[in-house]
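Summary of structural features
The primary structure of each chain is shown beneath.
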Amino acid sequence: MKYCLISAIAVSVSLFVLPSCSVVQNVTDRFNNMVGKKEQPVVAEKVKPPKKMGTGGTKAVIPDSSTPGTRPSEEELGGGQWNIAAVGDHKIEVEEDIPYVNFQPSTGRFYASDGCNVLNGDYVMRSDGVMTFSNVLSTMKYCPDVEFAPLISAALADGAALASDCNRLGHDTYLYLRDSSGKVQLTLRRHNMEFLNGNWQVTSIDGNPVENDECTVFFDISELKIHGNTGCNFFNGKIYIDPARTNSIDFSDMGTTRVACPNAAQESAMLVALESTTTARSGRDGRVAVLLDSEGNELMTLKRIQNENR
């Protein structure tokens, strides 16, 4: 009796499922037919694989610090992450776990890494330009291979008082923290590629003029993202800024939509130019920018698109 009951249930379930599958299949077929009658959605397509990061460009050179620069303003100090380029006379040249300091003038706090441990604490910028550090805490990892880590931690230790001054070289700003004798204890470096932020009109590619208002590039340096229009297709990708090279900027993971273009040669040239870019420099009054390859050849010129709301 029990067996018969189970068999009856199984038959009932099968009779219910089979029509349901048929209904689902019919709905799917109708949906596919409807989609087939409409324009197909645009699908991102990968362009050529990006070049290896960190190639080309000019290696960052620490400017002469014998003559003190200008006192940093709160805006300069808190404008972003400072990578530690040197501790004392020891120049730091690493590609991973780069030591850094972040200052937050609004809270009087700093956050840092010595290349091994993470530090944080309070700081005060005195009227004479001397920075004092207090309430400093640190993780306690043991990193015998990171020889400069203890030197950085000592420079930012509780009670440290270091005079500060800034010097600018190209699109890089250097911040020097000096002891009471004037000797530089820490040299910090920050890129100033923010001049690229915003929307730009492409005016030339490989020296050839571009007369297409839809050919644009948008840079978001804080988010390290790029997007724009080739004059036909939309594209987007990622930005990489090599901390060891001055004026460094690279674009990777570039993807485009797939619409047939009447001027495919221009689109291809634009995407290749972006792939080949390793540096950038600003032109007249920040209204013009130039992208260059590793040999310093001009790849693309850009004209800033002014915000109509300004």
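Remember, predicted model here, so these are calculated numbers, not experimental data.

Scanning the protein chain from N- to C-terminus turns up 4 helices and 21 strands. Across the 310 residues of the protein chain, 38% fall into the buried class. Considering only intrachain contacts with a sequence separation of at least 6, the fraction spanning at least 24 residues in the protein chain is 52%.

Before going further, it helps to spend a moment on the environment of Met193. Relative to the helices and strands, Met193 resides in the loop between β11 (184-191) and β12 (198-205). Judged by relative accessible area, which is 0%, Met193 ranks as buried. Note: C-alpha distance between Met193 and Ile241 (48 residues apart in sequence) is 8.6 Å. Discounting chain neighbours no more than four positions away, the residues touching Met193 are His171, Ile221, Ile241, Asn247, Ser248, Ile249 and Ala280.

Right, let's talk about the state of the cysteines for a bit. Tallying each qualifying case throughout the model produces 2 disulfides. Paired by a disulfide, Cys116 and Cys143 hold their sulfur atoms 2.0 Å apart. Judged by the sign of its S-S torsion, about 75 degrees, the cystine formed by Cys116 and Cys143 is right-handed. With Cys116 in the loop between β6 (109-113) and β7 (118-125) and Cys143 in the loop between β8 (130-138) and α3 (149-155), the pair connects residues that are 27 residues apart, well separated along the chain. We classify Cys143 as partly exposed; its relative accessible area is 22%. One disulfide bridge connects Cys232 with Cys261, the sulfur atoms lying 2.2 Å from each other. Judged by the sign of its S-S torsion, about -90 degrees, the cystine formed by Cys232 and Cys261 is left-handed.

Along the chain, the position of Thr256 falls in strand β18 (residues 250-256). On a C-alpha basis, the gap between Thr256 and Asn233 in space is 6.4 Å, while along the polypeptide they are 23 residues apart.

What follows deals with the pairing of strand β5 (residues 100-104). When a strand is regular, its side chains alternate between the sheet's two faces. Side-chain alternation along β5 places Val101 and Phe103 on a buried face and Tyr100, Asn102 and Gln104 on a face that remains uncovered. Relative to β5, strand β3 (residues 82-87) is paired through 2 bridges, and the arrangement is antiparallel. Bridge pairing in β5 links Trp82 to Val101. Of the strand pairs in this sheet, β5 and β6 are connected by 5 bridges, and their pairing is antiparallel. What sits directly across from Tyr100, in β6, is Ser113. Hairpin connection of β5 to β6: 4 residues between the antiparallel strands, including Gly108 at a positive phi of 70 degrees.

What counts, and at which threshold
Just so you know, the residues in each chain are numbered from 1, in the order the chain's sequence is written. Selection of residues for local features in this predicted model requires a pLDDT of at least 70, selection of side-chain atom pairs for listing and counting requires 80 or more, and totals for whole chains, interfaces and linings are taken over all residues. Water and hydrogen atoms were dropped before computing side-chain values, which therefore reflect all heavy atoms in the structure. For the purposes of this entry, the term helix denotes a DSSP run of H or I that reaches at least four residues, the term strand denotes a run of E that reaches at least two, and both are numbered from the N terminus. Burial status follows relative accessibility: with a 1.4 Å probe on protein chains alone, a residue under 20% of its type maximum counts as buried, one over 50% as exposed, and anything between as partly exposed. Contacts between residues were defined by any pair of non-hydrogen atoms, one from each residue, lying within 4.5 Å. For the purposes of this analysis, a disulfide is any pair of cysteine sulfur atoms at a distance within 2.5 Å. Two strands qualify as a pair provided that DSSP identifies no fewer than 2 bridges between them.

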